[in-house]
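Examining the three-dimensional arrangement
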Amino acid sequence: MTFATRHIGPFGEQLDRMLAAVGYASLDELTAAALPAPIATDRALSLPGPLSEAAALAELRALAGRNQVLTSMIGLGYYDTVTPPVIRRNVLENPAWYTAYTPYQPEISQGRLEALLNFQTMVADLTALPVAGASLLDEASAAAEAMTLARRAGGSRAGQVFLADADCLPQTLAVLQTRAEPLGIDLVIAPVTAGLIAAQPEGELFGVLLQYPAASGAVTDPRPLIEAAHARGAQVAMAADLLALTLLTPPGELGADIAIGTTQRFGVPLGYGGPHAGYMCVRDGLKRQLPGRLVGVSVDADGHRAYRLSLQAREQHIRREKATSNICTAQVLLAVMAAMYASYHGPAGLTAIARQVHSRAAALAAGAEGLGYATGSAAFFDTVQVTVPGGASGVVERARAAGYNLHLAGPDTVQAACDETTSEDDVRAVLRAIAGPDAALPAASAGPPVRLPAGLGRASKFLSHPVFSSYHSETAMLRYLRRLADMDIALDRSMIPLGSCTMKLNAAAEMEAITWPEFAGLHPFAPAAQAAGYRDLIGGLETLLQEITGYDAVSLQPNAGSQGELAGLLAIRGYHRASGQPGRTVCLIPESAHGTNAASAVLAGLRVVVVRCGADGVIELGDLRAKLDAHDGAIAAIMLTYPSTNGVFEETVRQVCDEVHAAGGQVYIDGANLNALVGLARPAEFGGDVSHLNLHKTFCIPHGGGGPGVGPVAARAHLAPFLPGHHVLAGSSAVNSSAAGHLGPVAAAPYGSAGILPISWAYIQMMGAAGLRQATQVAILSANYVARRLNAHFPVLYAGRGGLVAHECILDLRPLTAQTGITAEDVAKRLIDYGFHAPTMSFPVPGTLMVEPTESEDLAELDRFCDAMIAIRGEIERVADGTSDPQDNPLRNAPHTASMLISGDWKHSYDREDAAYPLESDRRSKYWPPVRRIDQAYGDRNLVCACPPPEAFES
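Summary of the structure given here.

As enumerated under the stated definition, the model contains 13 cavities of 30 Å³ or more in all. One number sums up the size of the largest cavity: a volume of about 220 Å³. Along the walls of the largest cavity sit 22 residues, with G77, Y79, Q211, P213 and D241 positioned nearest its centre. Of all the secondary-structure elements, those providing two or more residues to the lining of the largest cavity are β5 (205-212) and β6 (235-240). Among the residues forming the lining of the largest cavity, the class breakdown is 12 nonpolar, six polar and four charged. Taken as a whole, the second largest cavity spans an internal volume of roughly 180 Å³. In terms of lining, the second largest cavity is formed by 19 residues, of which the most central are L92, P275, L334, I514 and I756.

Next up, the structure:
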């Protein structure tokens with residue numbers, strides 16, 4: 001069997017039965033009927049392969065072998081670390097964790113929610129700020145979010161000036177520049193002093209960013225700067241190293257309002273720059289401004305403790321053009337790893353690691369000084385600068401020859417960062433590189449053993465919750481991870497029929513390479529020659545994606561779909577400005593577009609104008625033309641999702657593109673639904689100028705409980721120069737023409753989440769052109785099969801030509817809700833009793849369910865889902881005809897826990913049997929939810945977003 005036959009669920013007789021059910025003789029006939037002829041490509045995909053799993057892994061081995069993994073002492077926010085094998089095997093390599101979805105249905109997400117609450121507690125404790133989010137994309141984008149948060153906190157009177165200390169990480173400063181300019185923020189990068197703060201015009205300064213420890217390694221007391229900033233009414237953000245905070249006074253105790261950073265060095269591999277979980281935490285008064293996700297504690301219907309996403313209005317894509325952030329994806333899988341690393345080591349273990357790191361750095365500084373060289377700051381944590389007049393490059397070259405990468409900080413300055421893997425031998429090897437081949441090394445232990453600053457030592461306790469002291473043995477950690485995983489429904493347990501999210505198979509062969517040391521162990525700023533395998537893989541993947549989409553250039557830097565959207569819109573903005581048309585600032589967004597589009601447009605400095613859709617879910621051409629006329633000369637772009645978020649192949653898409661082009665605008669085609677196009681149509685061929693692609697949807701990178709994601713941006717030639725660049729790539733032999741473009745970076749690392757790109761590379765190579773096309777066709781077939789089976793029970797809201805849907809369909813429950821009071825939420829929770837994750841609930845249309853079955857689910861699973869939905873429709877009918885109590889029925893009380901069922905005090909109007917086993921086939925593999933329906937409002941009224949003490953829940 002080929003890989004494609006393993007990946008695609010229905011085959012042979014199953015396909016024939018499904019085609020017969022929807023009334024077509026073949027996949028080609030079906031998709032020819034579903035797709036409007038003007039968008040269909042006239043040329044087949046020209047791709048290599050398909051490779052077998054063994055052949056693909058062999059090629060990946062060859063690519064990995066071309067990478068050279070030296071001992072990394074570059075630092076700059078990236079450090080080697082030891083991933084405990086129990087965490088690597090049971091989280092990163094475990095489908096129960098990596099195939100889970102964002103925990104929007106909290107009753108079946110209690111395991112990953114508990115893990116994320118641990119993450120928030122870890123961050124809040126170490127920073128001494130009370131409210132932490134459930135991870136951001138990386139440190140640089142977290143700093144950008146802190147900048148915009150600080151501006152929001154100032155309200156309508158907020159000024160325009162944001163100060164960023166020049167000793168912040170260079171990649172952070174670069175991302176701040178990218179993000180500040182379109183928002184009209186005056187970003188000042190300079191050594192921040194009290195005098196500089198005082199010199200800002202009255203009312204203009206709204207925020208300050210400080211690095212702690214600084215990029216140079218220096219640790220200084222920030223309190224005078226924080227006091228000066230607060231005196232001017234500005235918010236202060238500190239980019240803080242969490243490991244260093246086990247030894248240093250934390251930001252919250254220094255007076256900072258916001259802390260941001262990365263949790264990479266907590267057991268997450270370097271991965272050539274990602275994915276890594278960024279963090280952000282804030283003082284209490286800013287908690288409702290926090291971007292991204294916040295896990296909180298609530299109660300279920302029985303009053304038992306339960307976890308959920310709190311303050312969900314902060315899911316910014318729901319707010320569309322009123323959004324203040326476009327954050328959608330988090331880095332959940334990596335956040336879980338970091339939290340488990342903290343639990344495994346505990347406060348004493350983390351402190352011991354930090355002390356060892358510092359002692360190695362102190363020994364390095366003392367040795368360099370013993371050789372007669374001046375070092376940088378007298379106080380530091382893990383990073384040492386050494387001044388070697390005129391000889392810094394020679395030191396770096398000698399170190400490289402000995403197997404070490406150091407940072408060339410200037411012609412006279414070399415910088416070395418120690419981490420938990422740094423040994424005494426490593427320190428001596430670096431000293432030999434500094435001293436040169438003929439110099440004698442000083443005796444060991446010369447100089448002071450501690451070089452931390454006086455008055456900044458940590459006195460407060462941290463990680464005192466039992467979760468950080470209970471799982472230090474491998475046995476305990478193994479069982480804890482298993483217990484949490486067992487609480488959840490992930491793709492390894494059942495189908496996850498979420499519309500707009502494409503929860504498809506993440507094959508083991510695709511996943512295997514990401515933990516190989518040659519891919520996992522490379523620093524993102526390592527010399528290009530050491531990353532030859534990565535560069536070949538990245539260049540090859542870019543070429544594959546260009547062929548699939550029809551675009552001329554691809555940047556793999558954006559590490560989430562939201563960042564890809566932003567990069568694409570910034571490219572459009574840059575193009576218009578370079579063309580002498582800076583007044584083109586209007587972004588048209590149809591009501592049928594993907595949810596994050598409007599938020600990304602706002603962050604790109606564009607003005608959102610919404611285009612109406614008709615009752616059929618299709619863009620109203622009359623309204624489009626009216627908006628084009630009303631904003632003549634100002635149209636920057638239109639953002640289309642194709643097929644639309646309504647699950648329809650719109651017939652007029654080419655006409656829409658042509659009319660926007662005629663008005664001088666560019667066409668952005670959102671790639672969220674590319675799984676309905678691959679092999680059948682290319683966005684660039686039917687009118688697109690730029691698109692982002694979701695590798696975590698169409699191309700099999702796992703969702704991981706809500707992240708990691710990868711959102712490459714692809715563009716036609718005229719926009720290619722405006723795709724993201726990076727200072728590390730400037731002047732280097734870039735993989736493609738876009739790598740060092742005019743636009744600055746949107747992510748910290750040159751290639752974003754490079755560590756998981758082998759997944760998508762392997763998927764495309766093993767599927768081949770025919771396999772990819774068939775996958776798309778089966779995804780469309782599966783959606784239409786589900787729509788046909790369920791339409792008589794739950795009307796399908798929108799359909800295209802011939803009554804066909806695209807790769808997803810929207811089931812309309814609103815008439816039933818009006819008749820019976822049973823809501824989409826009731827159906828979603830009742831599906832848990834049947835062992836299913838719910839479809840997407842009330843998006844894009846309130847009161848509906850959106851179903852996307854994907855090509856990976858076989859007919860048996862599709863039928864199992866349809867049978868469950870039809871059975872639920874029967875339960876609703878019993879409410880409608882009065883057979884079931886309108887308030888006390890299996891839907892209103894769903895989901896049902898085991899403890900509820902075994903209770904001797906059963907007072908409901910229906911049998912326990914109906915509650916627990918709605919389908920006879922579920923008896924042997926029953927999923928039992930750990931909690932009953934969660935009280936959402938209680939959790940927001942009583943916001944608790946860190947691990948509460950156990951006694952808090954005693955009755």
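Back to the write-up after that little detour.
On to the packing of helix α13 (residues 332-370) against helix α16 (residues 474-486). Two elements in contact, α13 and α16, have axes whose closest approach is 10 Å; the angle formed by their N-to-C orientations is 145°. In the crossing of α13 with α16, the sense of the turn from one axis to the other is right-handed. Seen from α13, the contacting residues are M340, S343 and Y344; seen from α16, they are E474, M477, Y480, L481 and L484. Of the residues contributing to the contact of α13 with α16, the split by class is six nonpolar, one polar and one charged.

So, about the side chain of R933. Tracing the chain through its elements places R933 in the loop between α29 (912-916) and α30 (936-941). The exposure class of R933 is buried, given its relative accessible area of 15%. Separated by 2.9 Å, the side chain of R933 and the backbone oxygen of A894 make a polar contact. Beyond its immediate stretch of four places on either side in the chain, R933 contacts E107, V299, D300, A301, E825, D826, K829, L891, R892, N893, A894 and P895.

Quick look at the sheet that holds β6 now. With respect to topology, seven strands assemble into an open sheet ordered β2-β8-β7-β6-β5-β3-β4, the strand pairing being mixed. What marks the edges here is a single partner per strand, and that holds for β2 (131-132) and β4 (186-190). Taken strand by strand, helix α7 (residues 110-127) contacts β2, β7 (258-262) and β8 (278-282), and its axis lies near 60° from that of β8. Its contacts with the sheet put helix α11 (residues 223-231) on β5 and β6, and the angle it makes with β6 is roughly 150°.

Evaluated as defined, the whole model comprises 16 aromatic pairs. Residues W516 and F519 carry aromatic rings whose centres are separated by 6.3 Å and whose planes lie at 15° to one another, so their mutual orientation is stacked. Aromatic ring contacts, followed pair by pair, group Y272, W516, F519, Y534 and Y751 into a single cluster. Across the ring face of W516, the terminal group of R61 is positioned such that the distance to the ring centre comes to 3.6 Å. Lying over the aromatic face of W928, K926 brings its terminal NZ or CZ to 5.0 Å of the ring centre.

Counting residues in each nonpolar core, the largest one holds 240 residues, and the members touching the most others are L60, M122, F266, L624, F649 and I764. Here the element with the most residues in this core is α13; it accounts for 20 residues. Those residues within four positions of M122 in sequence are excluded, and the remaining contacts are L242, T263, F266, A338, A339, A342, L463 and F468. Within the second largest apolar cluster, 45 residues are counted, among which are V131, A150, A164 and V282.

The rules behind these values
- Residues numbered from 1 in each chain as written.
- Predicted model: local features only at pLDDT ≥ 70, side-chain atom pairs only at ≥ 80, totals over all residues.
- Heavy atoms only, no water.
- 1 Å grid on protein atoms, 1.4 Å probe; cavity = no way out; pocket = protein on both sides within 12 Å on 5 of 7 lines; lining within 4 Å.
- Points joined across faces, edges and corners; volume = space filled by probe spheres on them.
- Helix = DSSP H or I, 4+ residues; strand = E, 2+ residues; numbered from the N terminus.
- Nonpolar A, V, L, I, M, F, W, Y, C, P; charged D, E, K, R; others polar.
- Axes fitted to C-alpha atoms, helices over the stretch in contact; angles between N-to-C directions.
- Left-handed = near helix turned anticlockwise from the far one by under 90°.
- Contact = heavy atoms within 4.5 Å.
- Buried < 20%, exposed > 50% of the residue type's maximum accessible area, 1.4 Å probe, protein only.
- Polar contact = N/O pair within 3.5 Å; in protein donor to acceptor, adjacent residues only side chain to side chain.
- Pairing = 2+ DSSP bridges.
- Phe/Tyr/Trp six-rings, centres within 6.5 Å; stacked < 30°, edge-to-face > 60°.
- Lys NZ or Arg CZ within 6 Å of the ring centre and 35° of its normal.
- Core = buried A, V, L, I, M, F, W, Y, C linked by side-chain atoms within 4.5 Å.

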